[in-house]
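# Fold and geometry: a report
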Amino acid sequence: MITMAPWAIDPETSTKTQEEFVFRKPERTDGNRVHSLIESCPPLDTNSSYCNFLQTTHFKDTCIVAESDGEMAGFVSAYRVPEKENTLFIWQVAVGEKARGKGLAFKMIQQLLARDDLSDIRCIETTITRLNKASWALFKKVDQANGNLGEVSLFLDEEKHFDGEHDSEYLYRIPLKQ
């Protein structure tokens, strides 16, 4: 659980933690900054800047921006799975170089799940390639915080789905504590 500073702002708009991160919903004007942040975070796949603008507009209620000293420090893109409305699929987690090693990715996910309009989320899902150690560590931490009930299965196979042009993606499904 994140310890909120006494001067914390309502989590529905933005919040500030003792580490001086401000968490908020993305805005249309964040699209290019999100794109630049993701480009600076290999091995994340870079999507078009247009995709990032859609994330900051159409999906703003399920995405989160973290800022520090006016700079974008992190971004999580997520969406409700259409067939499973109580499942939040976390698409990408990007943390800028200056903010790494401070637990920001975990804090962003916690802040996102703390939003009132996501209170019905019962499970999170994400996909991770085998060699993405940072993502495995992050989602194992999320799983541990929720009782270690997560399950991993093959989602997209390197050969069958990507014709050998992308590593296999493994689905990590984590039920959330209520």
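Residues numbered from 1 in each chain as written. Predicted model: local features only at pLDDT ≥ 70, side-chain atom pairs only at ≥ 80, totals over all residues. Heavy atoms only, no water.

## Brief notes about the packing of aromatic side chains
Between two aromatic rings, the relevant description is the distance of the centres plus the angle of the planes. Scanning the entire structure with this criterion turns up 4 aromatic pairs. Judged by centre distance (6.4 Å) and plane angle (50°), the rings of Phe21 and Phe23 are tilted. Its relative accessible area of 2% is what places Phe21 among the buried residues. Between Trp136 and Tyr172, the aromatic rings sit 5.9 Å apart at their centres with planes inclined by 40°, giving tilted as the arrangement. Here the residue Trp136 occupies a position in helix α4 (residues 133–145), and Tyr172 occupies one in strand β8 (residues 169–175), the gap between them amounting to 36 residues. Comparing Trp136 with Tyr172, the two get one shared label, buried. (Phe/Tyr/Trp six-rings, centres within 6.5 Å; stacked < 30°, edge-to-face > 60°. Buried < 20%, exposed > 50% of the residue type's maximum accessible area, 1.4 Å probe, protein only. Helix = DSSP H or I, 4+ residues; strand = E, 2+ residues; numbered from the N terminus.)

## Some points on the pairing of β8
The pairing of strand β6 (residues 123–129) with β8 spans 7 bridges and is antiparallel. Paired with Ile128 across the strands is Tyr170, a residue of β8. Summarising the sheet, strand β7 (residues 151–156) and β8 pair through 5 bridges and their orientation is antiparallel. Following the sheet pairing, Leu154 is matched in β8 by Tyr170. (Pairing = 2+ DSSP bridges.)

## Concerning α4
Over its 13 residues, α4 runs 18 Å from end to end, which matches the ideal 18 Å to within 8%, given 1.5 Å per residue. Taken together, the buried positions of α4 are occupied by Ser135, Trp136, Leu138, Phe139, Val142 and Asp143. One side of α4 holds all its buried residues, which, seen down the axis, span an arc of 165°. Set apart from the buried face of α4 by more than 90 degrees, the exposed residues are Lys133, Ala134 and Gln144. Of the residues trailing α4, Gly147 is marked for its positive phi of about 95°. (Expected span 1.5 Å × (residues − 1). Arc of directions from axis to C-beta.)

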